[in-house]
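Below, each chain spelled out in residue letters.
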Amino acid sequence: MKTLLQAFFILSASSFVTAQDNRPIGINLAGVVDYSSELVFTDAFKQSRPWTPANADGSGPWDTEIEIPLNAKGFPVSIPYSDGVNPPQKVKSLMLWDIDGGRPDGDYRLIVEGTGTVSLNIGAAGTFTCPVDTIVTVNGGVVLDILESDINDPINDIKFIYPDYVNTYQNHTFRADFLDFLEDFQVIRFMDWLRTNNSTVASWEERSEYDYYTQALNSGVSWEYIIELANLTNKDIWINIPHLADDDYIEQLAQLLHNELNANIKIYLEYSNEVWNAMFTQSQDATSLGTALGYTGQPWEISWKYTAKRSADIFHIFENVFTDPSRLIKTIPSQAANSWLSNQLVTYFNDPAYNPHNVTADAIAIAPYFAGNVANDIVDENLVDDITVEEIVQRMENSLGEALQFMTDSRQVADNNGLELICYEAGQHLVATGANVDIDELTEKLIQANHHPDLQDVYCRYLDNWYDSVGTLMAHFSSHGTYSKWGSWGVKETMNDLNNPKYLALQNCVFSDNNLLLDELYSSIVLGLYPNPAESQLFLPGELHGKEYSIYDLTGQLIEKGMVDHSVDVTKLHPGVYILNIDGTSQKFIKSR
């Protein structure tokens, strides 16, 4: 695997061939939280836990639950804070928490603006008078406390820069290993970034802001970071509209995406996530909202009708904003195990009672997981003590037929209605439920099964089933995540878990089919351009001055041509990854901002 910061070269411009997405693959990103093993930003503080209030003298509970006034960027107006009733308060935040094996230890850069005092504890140590810009050594999860913040010049910015970026973070919002991981996918689904499940966001004013001190918020990551990431990687995006979002929210979002997202990027539109699933509040809320509109039937039927209605609303609003409707993939979400439900949702969607503007959909989306019953079956058969990990993997393989049936049944509904069938989530579902989640021996074996080498072949068979029988986009769930009794969802546990059998299966059975670039040969000739990434100019050696250049995006589309005059001006390019070709040699470069 090559990082985005590592240039690669193609033998000749005439033989330049773009990647063919024979097996279109997407990825669900993990939620942005302090304990996630998916490290997103070069500034770790953007992924820090929201403030926890505590007694300033160190007494009392870990969390006093006292509301402390914050400014627009989320920093306390003053510390210690006193409400006149409770003891004076400080605030603290956790970073890099509980991700041993995935956390890069070393020398971090702590930058704090404003007048006050902060301290670092647990995985780092020190008390610092602010403003401060210093290097601190990290060897574990970190607790940062604001001990003092002057009301006349409060602490208003904190950065905690990873070791590899202490001198370059200003030019790199996202970590290179995170970008490198995304390179092989065509679509990024942001369901967990947006905290879609159980969301309370209803108005545009309740969204997360780009300059807020952390993005690990219940309101999700800001839309501006999603746009920045999409533009940088040139990936299509799959977005989930909060189920309570009002029309103004949807209108504002559509305008923002239309104005700021690169014009070649497509948008998969989905109303919330699994509204049919009663475990999420969006299901109950949809029933209540549908009932208020006069919809009748069983509670779940009302939620289906409201899903159809709100999906149609979203599609209509976006179509009014986007002049090129082909950029929108309007998606009806359904349940893989219930093709009858898919047919019901499409029927409701096509009914003018729920879709008065007669907007059309493009796809039905399902999540055809496999091995969903394996863990509980092991308990029911009293095999927890005796079953081997190899036998668990075999049971996972035996479950593939059921998943294939989900795929083919759903494909039939899609075909009958002239729609594409796509996966919003996919992968193994080896997890216990109910009281079974607390059987430690079972959990350990389930985790081992997710690391067992035999799982690679099982995964490849699963992927073959999808692409051979359906052939369209599959969005794997999910990217990175530490395995536990709650599931082993990540295709890797940490950023460094490169030999995970699930990830190897994606490489060998999907990515390899999509990366057909001139027999996978790369020239050893180097154009010698610098800096890379670049903000405004790419400088080249003197022997290339006066030669003609061409710039392509990663789809192979010619962006611009010109003559080299000491440098190539890239000021007008959107942030992203491009290919510069001069005299038959091509080099990848990043336009940083």
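Shown above is the structure to which this text applies.
Residues numbered from 1 in each chain as written. Predicted model: local features only at pLDDT ≥ 70, side-chain atom pairs only at ≥ 80, totals over all residues. Heavy atoms only, no water.

Draft legend 1. View of the overall build of the chain. In terms of regular secondary structure, the chain is built from 12 helices and 21 strands. Relative to the 2.2 N^0.38 estimate, which gives 25 Å for 593 residues, the radius of gyration of the chain is 25 Å and therefore close to what a compact globule would have. Oriented by its inertia axes, the alpha-carbon framework of the chain measures out at about 75 × 65 × 55 Å. Residues classed as buried in the chain amount to 56% of the 593 residues present. A separation of at least 24 residues holds for 72% of the contacts in the chain among residues at least 6 apart in sequence. For the chain, the exposed surface amounts to about 23,800 Å²; the carbon and sulfur share of it is 48%. When the 34 basic and 81 acidic side-chain charges of the chain are each reduced to a single mean position, those positions are 4 Å apart. (Helix = DSSP H or I, 4+ residues; strand = E, 2+ residues; numbered from the N terminus. Rg over C-alpha atoms; globule rule 2.2 N^0.38 Å. Buried < 20%, exposed > 50% of the residue type's maximum accessible area, 1.4 Å probe, protein only. Contact = heavy atoms within 4.5 Å. Areas by Shrake-Rupley, 256 points an atom, 1.4 Å probe, with all protein chains shown as cover. Lys, Arg positive; Asp, Glu negative; His and termini not counted. Charge placed at Lys NZ, Arg CZ, Asp CG, Glu CD.)

Draft legend 2. Highlighting the environment of K330. Relative to the elements of secondary structure, K330 occurs in strand 12 (residues 328-333). Along the primary structure K330 and A475 are separated by 145 residues, whereas in three dimensions their C-alpha atoms are 16 Å apart. Leave out the neighbours within four places in its chain, and K330 touches L269, F315, E319, T360, A361, D362 and A363. For K330, the side chain forms a polar contact with the side chain of E319, separated by 2.6 Å. (Polar contact = N/O pair within 3.5 Å; in protein donor to acceptor, adjacent residues only side chain to side chain.)

Draft legend 3. Structural detail: the pairing of strand 7 (residues 142-149). Within strand 7, 6 of the 8 residues are buried, which leaves the element mostly enclosed by the surrounding structure. With 5 bridges connecting them, strand 4 (residues 89-95) and strand 7 associate as antiparallel partners. Bridging across to strand 7, S93 finds its partner in L144. Bridge count for strand 5 (residues 106-122) against strand 7 is 7 bridges, and the pairing is antiparallel. (Pairing = 2+ DSSP bridges.)

Draft legend 4. Structural context of the environment of A371. Here A371 is to be found in the loop between strand 13 (363-366) and helix 7 (374-380). Judged by relative accessible area, which is 2%, A371 ranks as buried. Taking the C-alpha atoms as reference points, A371 and E402, separated by 31 residues in sequence, lie 8.8 Å from one another. Other than its neighbours up to four places away in sequence, A371 contacts M396, S399, H429 and L430.

Draft legend 5. Region of the structure containing the side chain of S272. Along the chain, S272 falls in the loop between strand 11 (267-271) and helix 4 (281-292). By relative accessible area, S272 is classed as buried at 0%. Ignoring any residue separated from it by four or fewer positions in sequence, one finds S272 in contact with T196, N240, I241, H243 and Q282.

Draft legend 6. A negative patch on the surface, seen in detail. Negative charge collects at one region of the surface, where D385, D386, E390, E391, D454 and D457 lie side by side. Counting residues per element, the ones that place at least two in the negative patch are helix 8 (389-398) and helix 11 (454-469). Mapped onto the fold, D457 is located in helix 11. With a relative accessible area of 56%, D457 lands in the exposed category. (Patch = residues over 30% accessible without salt bridge, like charges linked within 9 Å, V, L, I, M, F, W, Y side chains within 5 Å. Salt bridge = Lys/Arg side-chain N within 4 Å of Asp/Glu carboxyl O.)

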